Amino acid sequence: MSRGLLLSLSVALFALSCGEDATGPVGSLCATQHGLEVCVDRSEYEPRESITVTTRNVSGARIFKDSCATKPVGVTNLEVEFEAFYNPTLHCGRGATRADILEHMVELEPGASTRETVTLPFFSFQGWYRVNVWLLDAEGDLAVDTPAASGIFQVFPSVGE
């Protein structure tokens with residue numbers, strides 16, 4: 001079975017099991033939650049590869065995005081929930097303070113978008129992934145207790161591994 005067919009089947013299964021929290025067409029690399037559309041650039045990656053993540057404010061209000069905690073998360077079984085653990089020290093360092101979070105926070109006006117790159121870890125396992133993006137309020141506190149997330153993509157080990 002080819003990777004493309006496997007991806008289509010797995011995304012279709014995920015879409016059928018999805019509630020109202022994630023929206024987007026079946027097989028889409030984008031999803032929208034909390035007024036933020038999060039997209040990845042490809043359907044397949046290998047460990048250590050860079051992912052281009054595009055976020056777009058589709059709400060009618062300003063949104064504040066936390067660049068310190070943007071993270072790819074994965075599962076080996078689509079019946080398991082994706083991790084939703086907030087960790088601002090991920091990109092802003094172990095001792096990240098509120099000032100660090102505010103400094104790296106990105107304000108998106110309605111309709112505005114940003115692009116950033118995140119890299120899959122060396123030890124990424126084969127499975128289904130998405131990128132979590134956390135939203136903040138203007139003071140740097142979490143605006144919601146769940147992240148906005150991209151559509152689902154797959155990670156396969158390289159042939160040489």
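Residues numbered from 1 in each chain as written. Predicted model: local features only at pLDDT ≥ 70, side-chain atom pairs only at ≥ 80, totals over all residues. Heavy atoms only, no water.

## Notes on the pattern of salt bridges
Turning to step 1, where the next piece is worked out: This model, assessed by the stated rule, comprises six salt bridges.
Turning to step 2, where the next piece is worked out: When the shortest N-O distance is used, the salt bridge between E107 and R62 registers 3.1 Å. Here the residue E107 occupies a position in strand β6 (residues 105-108), and R62 occupies one in the loop between β4 (50-57) and β5 (63-75), the gap between them amounting to 45 residues.
Turning to step 3, where the next piece is worked out: The closest approach of N and O atoms between K71 and E83, which form a salt bridge, is 2.8 Å. Note that K71 is positioned in strand β5 and E83 in the loop between β5 and α2 (89-92), a separation of 12 residues in sequence. (Salt bridge = Lys/Arg side-chain N within 4 Å of Asp/Glu carboxyl O. Helix = DSSP H or I, 4+ residues; strand = E, 2+ residues; numbered from the N terminus.)

## A closer look at the layout of surface pockets
Turning to step 1, where the next piece is worked out: Quantified by volume, the second largest pocket comes out at close to 260 Å³.
Turning to step 2, where the next piece is worked out: Every element with two or more residues in the lining of the second largest pocket is listed here: β5, α2 and β7 (113-119).
Turning to step 3, where the next piece is worked out: When residues of the lining of the second largest pocket are assigned to their parent elements, the largest contribution, four residues, is made by β5.
Turning to step 4, where the next piece is worked out: Here the lining of the second largest pocket is built from residues that sort into nine nonpolar, four polar and two charged. (1 Å grid on protein atoms, 1.4 Å probe; cavity = no way out; pocket = protein on both sides within 12 Å on 5 of 7 lines; lining within 4 Å. Points joined across faces, edges and corners; volume = space filled by probe spheres on them. Nonpolar A, V, L, I, M, F, W, Y, C, P; charged D, E, K, R; others polar.)

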